[in-house]
Amino acid sequence: MERGSATALLRRIVRQDRNDAWAVRLLPRVAFGFAAAYTLFALASSSGSSFVAICGLLALGLVIWFMRRRRQLLLALTSTLLTAGLTGYFAAAGEAARWGTSAIVSGEAVFGYWALAGMALLGAWIPKGHRGGRGITVVGADLIIAVASGVGMVWPEAGVPIAFVGVTLVLIFRGRVRVVSNGLRKASNRRLGRKGTTAEGS
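Quick notes on the rules
- Residues numbered from 1 in each chain as written.
- Predicted model: local features only at pLDDT ≥ 70, side-chain atom pairs only at ≥ 80, totals over all residues.
- Heavy atoms only, no water.
- Helix = DSSP H or I, 4+ residues; strand = E, 2+ residues; numbered from the N terminus.
- Contact = heavy atoms within 4.5 Å.
- Areas by Shrake-Rupley, 256 points an atom, 1.4 Å probe, with all protein chains shown as cover.
- Patch = residues over 30% accessible without salt bridge, like charges linked within 9 Å, V, L, I, M, F, W, Y side chains within 5 Å.
- Salt bridge = Lys/Arg side-chain N within 4 Å of Asp/Glu carboxyl O.
- Expected span 1.5 Å × (residues − 1).
- Buried < 20%, exposed > 50% of the residue type's maximum accessible area, 1.4 Å probe, protein only.
- Core = buried A, V, L, I, M, F, W, Y, C linked by side-chain atoms within 4.5 Å.
- Phe/Tyr/Trp six-rings, centres within 6.5 Å; stacked < 30°, edge-to-face > 60°.
- pLDDT = per-residue confidence, 0-100.

Colleague: How would you sum up the overall build of the protein? Please name residues and give values.
Modeller: Of the regular secondary structure elements, the protein holds seven helices and zero strands. Listed N to C, the secondary structure of the protein is α-α-α-α-α-α-α in terms of helices and strands. Expressed as a percentage of contacts within the protein between residues at least 6 apart in sequence, the contacts between residues at least 24 apart total 59%. For the protein, the exposed surface amounts to about 14,400 Å²; the carbon and sulfur share of it is 69%.

Colleague: Outline a nonpolar patch on the surface, supporting the account with residue identities and numerical values.
Modeller: On the surface, Val147, Val151, Val154, Trp155 and Ile162 cluster together into a nonpolar patch covering about 510 Å² of accessible area. Of all the elements, helix H6 (residues 134–154) adds the most residues to the nonpolar patch, at three residues. Inspection of the secondary structure assignment puts Trp155 in the loop between H6 and helix H7 (156–201).

Colleague: Before we move on, could you go through H6 and cite the residues and values that matter?
Modeller: For H6, built from 21 residues, the straight-helix expectation of 30 Å at 1.5 Å per residue is met to within 8% by its first-to-last C-alpha distance of 31 Å. Buried residues of H6: Arg134, Gly135, Thr137, Val138, Ala141, Asp142, Ile145, Ala146, Ala148, Ser149 and Gly152, and no others.

Colleague: Describe the nonpolar core, listing the residues and the values that go with them.
Modeller: Grouped together as the largest cluster of nonpolar side chains are 12 residues: Ala109, Tyr113, Leu116, Ala117, Ala120, Ala141, Ile145, Ala148, Ala163, Val167, Val170 and Leu171. Listing elements by their share of this core, those giving two or more residues are helix H5 (103–125), H6 and H7. Top element by residues in this core is H5. It accounts for five residues.

Colleague: Describe the packing of aromatic side chains, and please don't skip the residues or the numbers.
Modeller: Aromatic rings in a pair are described by how distant their centres are and how their planes are angled relative to each other. Applying the stated criterion to the full structure yields one aromatic pair. Plain terms: the ring middles of Tyr89 and Phe90 are 6.0 Å apart, the flat faces sit at 55° to each other, and that makes the pair tilted. Overall, Tyr89 belongs to the exposed group, its relative accessible area being 55%.

Colleague: Explain the environment of Ala91 to me, and be specific about the residues and the numbers.
Modeller: Mapped onto the secondary structure, Ala91 falls in helix H4 (residues 71–97). Here Ala91 falls in the buried class, since its relative accessible area comes to 13%. Taking the C-alpha atoms as reference, Ala91 lies 7.5 Å from Gly152; in sequence the two are 61 residues apart.

Colleague: Pulling in residues and values, what's your account of the side chain of Ser149?
Modeller: By the secondary structure assignment, Ser149 is in helix H6. Here Ser149 is in contact with Thr87, Phe90 and Tyr113, once residues within four sequence places are set aside.

Colleague: Mind laying out the side chain of Asp142, listing which residues take part and the relevant values?
Modeller: Residue position: Asp142 is located in helix H6. When its relative accessible area of 2% is taken as the criterion, Asp142 is described as buried. Sequence-distant contacts of Asp142, that is, excluding residues within four places in its chain, are made with Ala76, Ser79, Thr80, Thr83, Ala117 and Ala120.

Colleague: Would you mind going over the confidence of the model for the protein in detail, with residue names and values included?
Modeller: Per-residue confidence for the protein gives a mean pLDDT of 76, with 70% of residues at or over 70. Per-residue pLDDT, averaged within each element of the protein, yields its smallest value for helix H1 (residues 2–15) (66) and its largest for H6 (89).

Colleague: Can you break down the environment of Ile126 residue by residue, with the values?
Modeller: By the secondary structure assignment, Ile126 is in the loop between H5 and H6. Classification of Ile126 as exposed rests on a relative accessible area of 63%.

Set out below in structure tokens:
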């Protein structure tokens, strides 16, 4: 039975009957899949760096595929990765422009920017009540970190404090405003309920 079903499927693919939508769609996908797999294999086997790059791209593609329905989290992770790359680049460029500055200052600044990016990511998802999309919050905080790292190219000691203050304000504004408004609504509802009960009792 299995052999007969396999041959029947093979005949459906080879015949390519226009009325058979499954067979018509499957053959191009199989052909392009083999071509893509061979291309990736050829690129990965060319050098060690190419192999690492291909593996990283495949891993990133799998992560995006599994997280395609969680758009806010995907947006936040993408923004965090881009911010990490930008801050590292700005720190390296600033270190190259400043001949007399030690590399330890730039390394500490990069570590501080990365820690703040992680703080923005966790601060957007930990609070239960949040205003708007959490991914938008992370993007806003990451923009401030990127701008602060640009300032840090000229003034290294001020980059991380500016980024810290900006990220803190974004998290407070985006996270706590809704919590406070919900608390005020609950309090007003309780007061209205108490007034209603007292009016009915009188």
